[in-house]
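# Examining the three-dimensional arrangement
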Amino acid sequence: MSDLFIPVLLGTARPGRQSELVAAHVLDTVKQRFGQTELIDVADFPISATGLTESPENLDRYRETVGAADGYVLVVPEYNHGYPGELKLLLDAEYHAYGRKPVGFVSVSSGMIGGARVVEQLRLVAAALRMVPVSPAVHVSNVAEAVTADGRFTSASLDEVLAEMLAELDWFASALTPARAAS
Ligand SMILES: Cc1cc2nc3c(=O)[nH]c(=O)nc-3n(C[C@H](O)[C@H](O)[C@H](O)COP(=O)(O)O)c2cc1C
């Protein structure tokens, strides 16, 4: 097990969100591979507009967590082919902490396409934030059938792709963490 710190960011605050169950399973899997992780729940950081001076008191904690991270996993539902606004507001509350760190995506959808479109949009946002998006991504379609009530994937292939994505994240984080420290 590595000593990399890879938090999992749950990117929707929607009441009744099904992405929460997916994020719990992803968090467990990240914990098994990396040991150090924690859930960053966008619902804990309500931001009503970009750049407000009266931002949530706990925003410093968000900045500390993403600053200490060696990489990120984003669990995100697709809303009208894009990402939830609350996720973008939270990502935009920081800039420097993300640079030269890998990010992997898990998209969640009640439809057939599994949120593939939101991941493609987030790759552009991640690049603007100077993250390094890894290529393998997990697309959870028909989420009501894809996840059990106790938060496990019903299909082994989803766990296989999740493992592939985390392996790639591990490779980049293992390479980039010492490289950032040396530069
Ligand atoms: C505002 C809104 C827009 C949505 N747009 C899409 C969409 O573009 N594509 C899609 O597959 N599902 C879409 N959905 C359905 C989500 O896939 C569904 O809610 C799923 O459970 C994941 O989101 P959740 O974590 O909010 O539950 C949308 C849901 C909402 C609330």
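Anything mentioned here points back to the structure above.
Residues numbered from 1 in each chain as written. Predicted model: local features only at pLDDT ≥ 70, side-chain atom pairs only at ≥ 80, totals over all residues. Heavy atoms only, no water.

## Details of the nonpolar core
One finds Tyr62, Leu74 and Leu91 to be the most contacted residues of the largest nonpolar core, which totals 29 residues. Mapped onto this core, the elements with two or more residues apiece are helix H2 (59-68), strand E3 (72-77), helix H3 (85-91), strand E4 (102-108) and helix H4 (116-128). No other element matches H4, which puts 5 residues into this core. Not counting residues within four places of it along the chain, the set of residues in contact with Tyr62 comprises Leu9, Ile40, Phe45, Leu90, Leu91, Glu94 and Tyr98. With 27 residues, the next largest nonpolar core counts Val8, Leu27, Val30 and Leu162 among its residues. (Core = buried A, V, L, I, M, F, W, Y, C linked by side-chain atoms within 4.5 Å. Buried < 20%, exposed > 50% of the residue type's maximum accessible area, 1.4 Å probe, protein only. Helix = DSSP H or I, 4+ residues; strand = E, 2+ residues; numbered from the N terminus. Contact = heavy atoms within 4.5 Å.)

## Here we look at the layout of surface pockets
Counted as a void, the largest pocket has a volume near 170 Å³. Each residue belonging to the lining of the largest pocket can be placed in one class, and the counts come to 4 nonpolar, 5 polar and 3 charged. (1 Å grid on protein atoms, 1.4 Å probe; cavity = no way out; pocket = protein on both sides within 12 Å on 5 of 7 lines; lining within 4 Å. Points joined across faces, edges and corners; volume = space filled by probe spheres on them. Nonpolar A, V, L, I, M, F, W, Y, C, P; charged D, E, K, R; others polar.)

## Remarks on H4
With 13 residues, H4 should reach 18 Å at 1.5 Å per residue; the first-to-last C-alpha distance of 19 Å fits that figure. Buried within H4 are the following residues: Val118, Val119, Leu122, Arg123, Val125 and Ala126. Where H4 is buried, its residues contact E3, H3, E4, strand E5 (132-133) and strand E6 (138-140). Among the residues trailing H4, Arg130 stands out with phi positive, at a value near 65 degrees. (Expected span 1.5 Å × (residues − 1).)

## Comments concerning the pairing of E4
Successive residues of a regular strand alternate their side chains across the two faces of the sheet. Burial analysis of E4 places 7 of its 7 residues in the buried class, which makes it a mostly covered element. Between the parallel pair E3 and E4, the chain is carried across by H3, and the sense of this crossover is right-handed. Direction of pairing for E4 relative to E6: parallel, over a ladder of 3 bridges. Note on E6: the bridge partner recorded for Val108 is Val140. (Right-handed = clockwise from strand over helix to strand, strands pointing away. Pairing = 2+ DSSP bridges.)

## Remarks on the packing of aromatic side chains
Tallying each qualifying case throughout the model produces 3 aromatic pairs. Look at Tyr72 and Tyr98: their rings are 5.9 Å apart centre to centre, the planes differ by 75 degrees, and that puts the pair in the edge-to-face class. Of this pair, Tyr72 sits in strand E3 while Tyr98 sits in the loop between H3 and E4; the two residues are 26 residues apart in sequence, bridging distant segments of the chain. In this structure, Tyr72 and Tyr98 share a single accessibility class: buried. (Phe/Tyr/Trp six-rings, centres within 6.5 Å; stacked < 30°, edge-to-face > 60°.)

## Some words on the site of the ligand
Around the ligand, 16 residues are found, and the nearest of them are Arg14, Ser19, Tyr79, Asn80 and Ser109. Contact distances for the ligand include 2.9 Å between an oxygen atom and a backbone N or O atom of His81. Here an oxygen atom of the ligand and a backbone polar atom of Ser110 are 2.9 Å apart. Relative to its unbound accessible surface of 600 Å², the ligand loses 76% to contact with the protein. Here the residues of the shell around the ligand sort into 4 nonpolar, 8 polar and 4 charged. (Near = heavy atom within 4 Å. Polar contact = N/O pair within 3.5 Å; in protein donor to acceptor, adjacent residues only side chain to side chain. Areas by Shrake-Rupley, 256 points an atom, 1.4 Å probe, with all protein chains shown as cover.)

## A few points about the pattern of salt bridges
Applying the stated criterion across every chain, the model contains 11 salt bridges. The residue Arg63 makes a salt bridge to Glu94 at a minimum N-O spacing of 3.5 Å. Within this pair, whereas Arg63 is found in helix H2, its partner Glu94 is found in the loop between H3 and E4, the two being separated by 31 residues in sequence. Relative accessible area serves as the criterion here: at 30%, Arg63 is assigned to the partly exposed category. Among the charged side chains, a salt-bridge network with shared partners connects Arg17, Glu20 and Asp41. (Salt bridge = Lys/Arg side-chain N within 4 Å of Asp/Glu carboxyl O.)

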